[in-house]
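Spelled out from the first residue to the last, the chains are:
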Amino acid sequence: MKKILLTALIFITASPYNACMAQVISADSFKMLVKNQICTDLKKYNLENAEVNIGNIPVSQLSLPDGKVSVEVISNSNGTAPKEYKKINILVNGANVRTLYVQAEIKAFKNAAVAKEMIQRDSAITLKSVEFKQVDVLKYLNSALSEEDVSNGLIAKKVFYPGEIISKKFTASRPDVLKNAIVAVHFKTESNLNIVVEGIALNQGSIGDVIQVKNRRMNKTYTGTVVGENKVEIQI
């Protein structure tokens, strides 16, 4: 069951309008309208729950023209700032009749991937290296990782420290060969003779990429083409 708590500190700037005042709404009713709209705007992110803190407004009621009242919430930061002034357009029958500025503090909770251990740059992000916790993902609304995302195979493009939320922005699709991975190096001749040795990938790469591999036993470095997962081919 979703939990929504709201508080707002609201400073009012009135825009002039020529209309006959036909209804009055209380400050609490106005705050409820803002609350409901913020919650509606957050629904698309499939959150577990949200907390929005709102303070008191400096008036006890608002006088508005007769008609259906709704609000439009406009953020300066695409809704990702935990605390900011939001522009609130008050609409009556769809027409803007007044504008207020609201300071809102928001937390948005969702089960997301958090690093369980240090994840080095260019290393694989696996289900063993992360845990899924309900955390505040307001800054990561479009980039928090799900279990499905991790299962699809990703690598880190920065170092993630234990407890850090993993953002898609700093990940990439996992290549077929990771740097420092043990790979099967296939030496192929024109007569299709195939000799396979074990090597260490000195670069990462996907199928078709040319990377360097090292044969530790012979202490030699070769250049080959990635032909599969942890598989490199070298023509001799």
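Sequence order as written defines the numbering, with residues in each chain counted from 1. Local features in this predicted model are restricted to residues of pLDDT 70 or higher, and side-chain atom pairs are both shown and tallied only at a pLDDT of 80 or more, whereas totals for entire chains, interfaces and linings draw on every residue. Only heavy atoms go into the side-chain values, all of them from the structure, while hydrogens and water stay out.

A.B. asks: Explain the pattern of salt bridges to me, using residue names and the numbers behind them.
C.D. replies: Think of a salt bridge as a Lys or Arg side-chain nitrogen and an Asp or Glu carboxyl oxygen that are within 4 Å of each other. Scanning all chains against the criterion turns up seven salt bridges. Note that Glu 233 and Lys 188 form a salt bridge whose closest N and O atoms lie 3.6 Å from each other. Residue Glu 233 is located in strand β17 (residues 231-235), and its partner Lys 188 is located in strand β13 (residues 182-188); the two are separated by 45 residues in the primary sequence. Helix and strand assignments follow DSSP, with helices taken as H or I runs no shorter than four residues and strands as E runs no shorter than two, numbered in order from the N terminus.

A.B. asks: Help me get a handle on the sheet that holds strand β12 (residues 171-173), residues and values and all.
C.D. replies: A strand pair is defined by DSSP finding two or more bridges across the two strands. Reading across from one edge, β9-β11-β12 is the order of the three strands in this open sheet, with antiparallel pairing throughout. Either end of the sheet is taken by a strand with one partner, and the two such strands are β9 (124-125) and β12. Relative to strand β11 (residues 154-156), β9 runs antiparallel, the two sharing two bridges. Paired with Ala 124 across the strands is Ile 155, a residue of β11.

A.B. asks: Talk me through the nonpolar core; I want residue IDs and the actual numbers.
C.D. replies: Among buried residues, the Ala, Val, Leu, Ile, Met, Phe, Trp, Tyr and Cys ones that are joined through side-chain atoms within 4.5 Å form a nonpolar core. Residue burial is assigned from relative accessible area. The probe radius is 1.4 Å, only protein chains are included, and a residue is buried under 20% of its type maximum, exposed over 50%, and partly exposed in between. Phe 30, Leu 42, Leu 47, Ile 88, Ile 90 and Leu 141 are the most contacted members of the largest nonpolar core, which totals 34 residues. Those elements that place two or more of their residues in this core are α1 (27-42), β4 (49-53), β5 (61-65), β6 (69-74), β7 (83-92) and β8 (95-115). Counting residues per element, this core draws most heavily on β8, at eight residues. Two residues qualify as a contact provided that any one of their heavy atoms is within 4.5 Å of a heavy atom in the partner residue. Among residues more than four places away in sequence, those in contact with Ile 90 are Phe 30, Leu 62, Leu 64, Val 69, Ser 70, Val 71, Ala 95, Asn 96, Val 97, Arg 98 and Leu 100.

A.B. asks: I'd love a proper account of the sheet that holds β13, names of residues and values included.
C.D. replies: One closed barrel accounts for five strands, arranged β13-β14-β15-β16-β17; its pairing is mixed. Strand after strand, the sheet turns through a mean of 50° between neighbouring axes, direction not considered. In terms of strand pairing, strand β16 (residues 220-228) meets β17 through three bridges, oriented antiparallel. Bridged to Gly 228 within β17 is Lys 231. Orientation is described by axes fitted as lines to C-alpha atoms, over the contacting stretch for helices, and by angles from 0 to 180 degrees between their N-to-C directions.

A.B. asks: I'd like a description of the packing of aromatic side chains, backed by residues and values.
C.D. replies: Ring geometry is summarised as follows: Phe, Tyr and Trp rings, the Trp one being its six-membered ring, pair when their centres sit within 6.5 Å, and such pairs are stacked at plane angles under 30 degrees, edge-to-face over 60 and tilted between the two. Summed over all chains, the structure comprises one aromatic pair. With centroids separated by 5.0 Å and ring planes inclined at 80°, the aromatic side chains of Phe 187 and Tyr 222 adopt a geometry described as edge-to-face. Placement of Phe 187 in strand β13 and of Tyr 222 in strand β16 is noted, with a sequence separation of 35 residues between them. Like Tyr 222, Phe 187 is buried. Look at NZ for Lys and CZ for Arg. If either is within 6 Å of the ring centre and within 35 degrees of the ring normal, a charge sits over the ring. The cationic tip of Lys 158 hangs over the ring face of Phe 160; the distance from NZ or CZ to the ring centre is 4.4 Å. In this arrangement the basic side chain of Lys 158 is found over the ring face of Phe 170, its NZ or CZ atom lying 5.8 Å from the centre.

A.B. asks: Account for unusual backbone geometry, with residues named and values stated.
C.D. replies: Although it is not a glycine, Asn 46 adopts a positive phi angle of roughly 55°. Considering the arrangement of structural elements, one finds Asn 46 in the loop between α1 and β4. At Asn 219, a position not held by glycine, the phi torsion is positive, near 55°. Within the element layout of this structure, Asn 219 appears in the loop between β15 (210-215) and β16. Looking at Asn 219, the relative accessible area reads 55%, which means it is exposed.

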